[in-house]
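Next come the chains, spelled out residue by residue.
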Amino acid sequence: MKLIELKNKMRGSGRKHWMRSLFNSGFQSSPVKDNIGALLEITLEAIAIVQKDKILEANGSFFQITGQLPGQIPDLSTLLPEASAAQPDGNIHTGRLNLSRQQHIPVHFRSTPITWNGLCCSALAIKRTDNSSISSIDNKEYPLHFTDPVTGLLNRLGFKKMALDPLQSAEQNNSRIILLALNIARFQTLRDRYGHITTNDLLCQIGERLVSTLPDSSLIARSGNNEFAIVCPAPDDPEIPVSEPSSIIQTALSDSFSCAEHHFRIETHIGYCVLPLDTADPAIGLRYAERAMVLAGKTGSGSARRFEYIMETEAIERSCLEIDLQSALEKNQFSLDFQPLFCTQTGATNGVEALIRWRHPTRGVIKPIKFIPIAEESGLILPIGEWVLREACRQANTLPDHVRVAINVSALQFVDSGFKDCISRILEETQLNPERLELELTETIFLHDEAHILRTLASIRDLGVKIVMDDFGVGYCSLSYLRTFPFDCVKIDRSFIHAMTDKPHVKSIIDSILTLGRTLSMRVVAEGVETQEQFDLLREAGCPIVQGFLTGKPVPLTLLPTAIEASVMESAPAGNFLCSVGNVRGV
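Visitor: I keep staring at the overall build of the chain and nothing clicks. Help me out?
Guide: Secondary structure assignment for the chain yields 24 helices and 23 strands. Buried residues in the chain amount to 49% of all 587 residues.

Visitor: Would you mind showing me how to read the nonpolar core here?
Guide: Grouped together as the largest cluster of nonpolar side chains are 75 residues, with contacts concentrated most on Leu437 and Leu439. Ile178, Leu190, Phe264 and Ile270 belong to the second-largest nonpolar core, a separate cluster that totals 29 residues.

Visitor: Would you take a moment to explain the pattern of salt bridges for this structure?
Guide: Working definition: two side chains of opposite charge can pair if their charged atoms are close together. One pass over the full model with this rule turns up 21 salt bridges. The closest approach of N and O atoms between Arg359 and Asp337, which form a salt bridge, is 3.5 Å. With Arg359 in strand E16 (residues 349-360) and Asp337 in strand E15 (residues 334-343), this pair connects stretches of sequence that are 22 residues apart. Judged by relative accessible area, Asp337 falls into the buried class, the value being 6%. Note that Arg404 and Glu438 form a salt bridge whose closest N and O atoms lie 2.9 Å from each other. One end of the pair, Arg404, is in strand E18 (residues 404-408); the other, Glu438, is in strand E19 (residues 437-441), and 34 residues separate them in sequence. Residue class for Arg404 comes out partly exposed when judged on its relative accessible area of 23%. Given the relative accessible area of 5%, Glu438 is considered buried.

Visitor: I keep staring at the pairing of strand E13 (residues 268-275) and nothing clicks. Help me out?
Guide: Consecutive side chains of a regular strand alternate in pointing toward one face of the sheet and then the other. The buried fraction of E13 is high, at eight of eight residues. Burial along E13 is two-sided: the face carrying Thr268, Ile270, Tyr272 and Val274 and the face carrying His269, Gly271, Cys273 and Leu275 are both buried. Where strand E8 (residues 177-184) lies against E13, eight bridges are found, and the strand directions are antiparallel. Residue pairing across strands places Asn183 opposite His269, the latter belonging to E13.

Visitor: Would you explain helix H22 (residues 532-541) in this entry?
Guide: One full turn of an α-helix is made of 3.6 residues, so residues set three or four places apart face in the same direction. Across the ten residues of H22, seven count as buried, placing the element largely inside the fold. Taken as a whole, H22 has its buried residues at Gln532, Gln534, Phe535, Asp536, Leu538, Arg539 and Ala541. At the C-terminal side of H22, Gly542 shows a positive phi close to 95°.

Visitor: Just to check I follow, could you spell out the state of the cysteines for this structure?
Guide: Note: disulfide means a covalent bond formed between the sulfur atoms of two cysteine side chains. Counted by the stated rule, this structure contains zero disulfides. For the unlinked cysteine Cys393, the closest cysteine sulfur is that of Cys422, found at 9.5 Å. Note on Cys393: relative accessible area 0%, which makes it buried. The exposure class of Cys422 is buried, given its relative accessible area of 8%.

Reading the values: the criteria
- Residues numbered from 1 in each chain as written.
- Predicted model: local features only at pLDDT ≥ 70, side-chain atom pairs only at ≥ 80, totals over all residues.
- Heavy atoms only, no water.
- Helix = DSSP H or I, 4+ residues; strand = E, 2+ residues; numbered from the N terminus.
- Buried < 20%, exposed > 50% of the residue type's maximum accessible area, 1.4 Å probe, protein only.
- Core = buried A, V, L, I, M, F, W, Y, C linked by side-chain atoms within 4.5 Å.
- Salt bridge = Lys/Arg side-chain N within 4 Å of Asp/Glu carboxyl O.
- Pairing = 2+ DSSP bridges.
- Disulfide = S-S within 2.5 Å.

Here it is, written out as structure tokens:
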């Protein structure tokens, strides 16, 4: 039978007869077998080839109705127990298709014996008996297109629609409801490491825990890949803060989760708003809660924030900046300033740090702290970072051969598979000696795939490029990473430098870092030096290199000698700042 004839039989009333003849054929004839992949895909029924409870092959409709992923399909006894127990007799049966831990839909199925690649198998066809609703994890009936296939909760579309009812009820009763947005920190890292089956199980368990913790009248949805949205009643007692639901949720999710043989403790960030006080539109309320959730993530682990209208203003401002940022490279709006690194004993400038500046045509100079996070979130950090690397290397060639140039690198650049090749290509283009290039990074890069990061660091170091740990001392695992990878230099975070004159124990910490640097043969740089007192204490402690406004502000490279000389003259009355104009002129 030709493929076009089979397609024609699928139309109209001949469709059921085609399905029956397909099963009865057993897929044994060579022409049909050659085209079987196409045949499976052009039918709307979910079809699978089963052999001893294992699903060997399935069409796209099967994956769509079951919510499973290729290569991760469970046994038929788990997915559709009635089909596993039934004989492949070609008759129509009914059963419950299990989509997740507590979610199922009623189906009709038919199973027929076939021969598949020389194996005795059965062809299984599945069709929903009711397209209107689905049994959910929270024992509520939702339209199928409103339901998340993984957790059995509402999806984002369903949440926006269903949240209208509790909102209207609250308005009629002159009461309030809380709309919360919750995300799971570093979920993609868990996904990459443990796979979809394990992390989908984790999502289901989170959903179950939310359902069992919150009042029955609550509305719970999986609103994104690693995000949940919740509507629940506000506390009746005015003495109880509206933040109480977020505290209850965080407590409920603080206990560990067991998925297969793995145990997880998750970190969550929550944002919330009050309806109808903040807005009478659930869709807008969800946006408000998600704005607050993002800011809660920047605050730290286990934090929750209530929406404030200034967040919306800031979000609009941020959006405008992102639009302008997309064309900033093309319009040549970026430039580099350079800040010197000074030797405390000789006053020589042995290095500079390249710092990007965005000279916006209407907003003026925009600081990196304001636009770099936007670049990272939008992915623009990769082309911007490449421009910084190329431009810094190009300008560094105008400096004396002994002067190194340091560049800040985003964690997203290290994760990019082409980063090492990009460095190698730019070094070749600019003809800069690799030993004069230093890449500064913070320990946040290790929050990604640590093994991959370590391999990337080693391959970059093999080029001759130096690796610097920036902001040393402020993270949780700085010492551990020094043991894992031999950095060439560490930069003491400016927060220690600012506190050292008032807090003796901070000075002791700095002394310990300097001792550690000497022991491990690493250069140590103190950044953020702004006063003569700080400079004197660091020099007496044996800190070899300092950086800060005291010794030179960031300026374009052509102005660097003048800027350094000005710093020397300002510090000269103190009589202790060792730097000669002769050394400055060398830059």
